[in-house]
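Here's the letter readout for the chains.
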Amino acid sequence: MAKPIFVLNGPNLNLLGLRQPEIYGRETLGDVEAALNRLAGDLGLVLECRQSNHEGELVDWIHEARMAAAGILINPGAYSHTSVAILDALNAFEGPVLEVHISNIHKREAFRHHSYVSARAEGVIAGFGTEGYLLALRRMAGLVA
Ligand code: CA2
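Residues numbered from 1 in each chain as written. Predicted model: local features only at pLDDT ≥ 70, side-chain atom pairs only at ≥ 80, totals over all residues. Heavy atoms only, no water.

Participant: Any details on the site of the ligand? Residues and values, ideally.
Facilitator: Around the ligand lies a shell of 17 residues, among which N75, H81, I102, S103 and R112 are the nearest. Here an oxygen atom of the ligand and a side-chain polar atom of H101 are 2.9 Å apart. Relative to its unbound accessible surface of 500 Å², the ligand loses 95% to contact with the protein. Looking at side-chain class alone, the shell around the ligand contains eight nonpolar, seven polar and two charged residues. (Near = heavy atom within 4 Å. Polar contact = N/O pair within 3.5 Å; in protein donor to acceptor, adjacent residues only side chain to side chain. Areas by Shrake-Rupley, 256 points an atom, 1.4 Å probe, with all protein chains shown as cover. Nonpolar A, V, L, I, M, F, W, Y, C, P; charged D, E, K, R; others polar.)

Below, the structure written as C-alpha cells:
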C-alpha cells in the first residue's frame, strides 16, 4: 500500500475557526482536514493529519515520516520563525516537503517574514487562507507521482 502524506500542523492551529477569523478564517482544523481528505481521495492519496503544540512532538513525527510517509505538508505555525530543530528534522526526510501558511506572513510583523522551514521546502504557500492547504496537496500529488 502507498505511504500516506503527513499533514502536520503546529502550535495554536487547533484554535482555527474559534478565534481571530479576520486573520485565519472561519473554518476549523477539522473542516480543513475533512476537505483535505476529500481531495486526497480524488487524487488517489492517503493522509495522516496531526496537530501538536509541542516542538519535540513535531520533530518526532517528522522522524517517523522518514519511514512512514511519502511527503510532508506542514504548517509549522510560529515554529516556522524559530525552530532550527524542525528544519534539521525535515533535512533528514528524503521526500517532498511543502510549507503552508494561512496568512501572508510577509504582510505581517517583521518577525514572521523569515521561515527556517522554507530553506527545506520544495514550495511555500502563504496568504491563500485555508485553501492553501488544498493547493499544496494538489502540488504534492504531482511531486509524489
Ligand atoms: O499563517 C499561518 O498559517 C501561520 O503559520 C499561523 C501561526 C503564525 O504564528 C505564523 O506566523 C503564521 C499562528 C497559528 C495560530 O492559529 C490561530 C488560529 C486561530 C486563533 C488563534 C490562533
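Participant: How would you explain the packing of aromatic side chains if you had to name every residue and give the values?
Facilitator: On inspection of all chains with the given rule, the structure shows zero aromatic pairs. Geometry around F6 places R50 over its ring, the cationic atom sitting 4.9 Å from the centre. (Phe/Tyr/Trp six-rings, centres within 6.5 Å; stacked < 30°, edge-to-face > 60°. Lys NZ or Arg CZ within 6 Å of the ring centre and 35° of its normal.)

Participant: For the nonpolar core, give the residues involved together with the corresponding values.
Facilitator: In terms of nonpolar packing, the biggest core is built from 21 residues, with L36, L47, L73, Y133 and L137 touching the most fellow members. Contributions of two or more residues to this core are made by β1 (5-9), α2 (29-43), β4 (97-101) and α5 (131-144). Excluding its chain neighbours within four sequence positions, the residues that come into contact with L73 are I5, F6, V7, L8, L98, V100, Y133, A136, L137 and M140. The next biggest cluster of nonpolar side chains, apart from the first, holds 18 residues, and it includes F6, Y79, L90 and F93. (Core = buried A, V, L, I, M, F, W, Y, C linked by side-chain atoms within 4.5 Å. Buried < 20%, exposed > 50% of the residue type's maximum accessible area, 1.4 Å probe, protein only. Helix = DSSP H or I, 4+ residues; strand = E, 2+ residues; numbered from the N terminus. Contact = heavy atoms within 4.5 Å.)

Participant: Let's hear about the pattern of salt bridges: which residues, and what values?
Facilitator: Counted according to the given criterion, the structure contains five salt bridges. For E109, the salt bridge is made with R108, and the minimal N-O distance between the two is 3.9 Å. Note on E109: relative accessible area 34%, which makes it partly exposed. Across the salt bridge formed by R112 and E109, the nearest N and O atoms sit 2.7 Å from each other. Looking at R112, the relative accessible area reads 17%, which means it is buried. Connected through shared salt-bridge partners, E48, R50 and E64 make up one network. (Salt bridge = Lys/Arg side-chain N within 4 Å of Asp/Glu carboxyl O.)

Participant: Break down the packing of helix α3 (residues 55-68) against helix α4 (residues 84-91) for me, with residues and values.
Facilitator: Direction vectors running N to C along α3 and α4 enclose 5°, while the axes themselves pass 9 Å from each other. The angle between the axes of α3 and α4 places the two elements in the roughly parallel class. Each of E55, L58, V59, I62 and H63 in α3 lies in contact with α4, whose residues at this interface are A85, I86, A89 and L90. (Axes fitted to C-alpha atoms, helices over the stretch in contact; angles between N-to-C directions. Parallel < 35°, antiparallel > 145°, perpendicular 65-115°, else oblique.)

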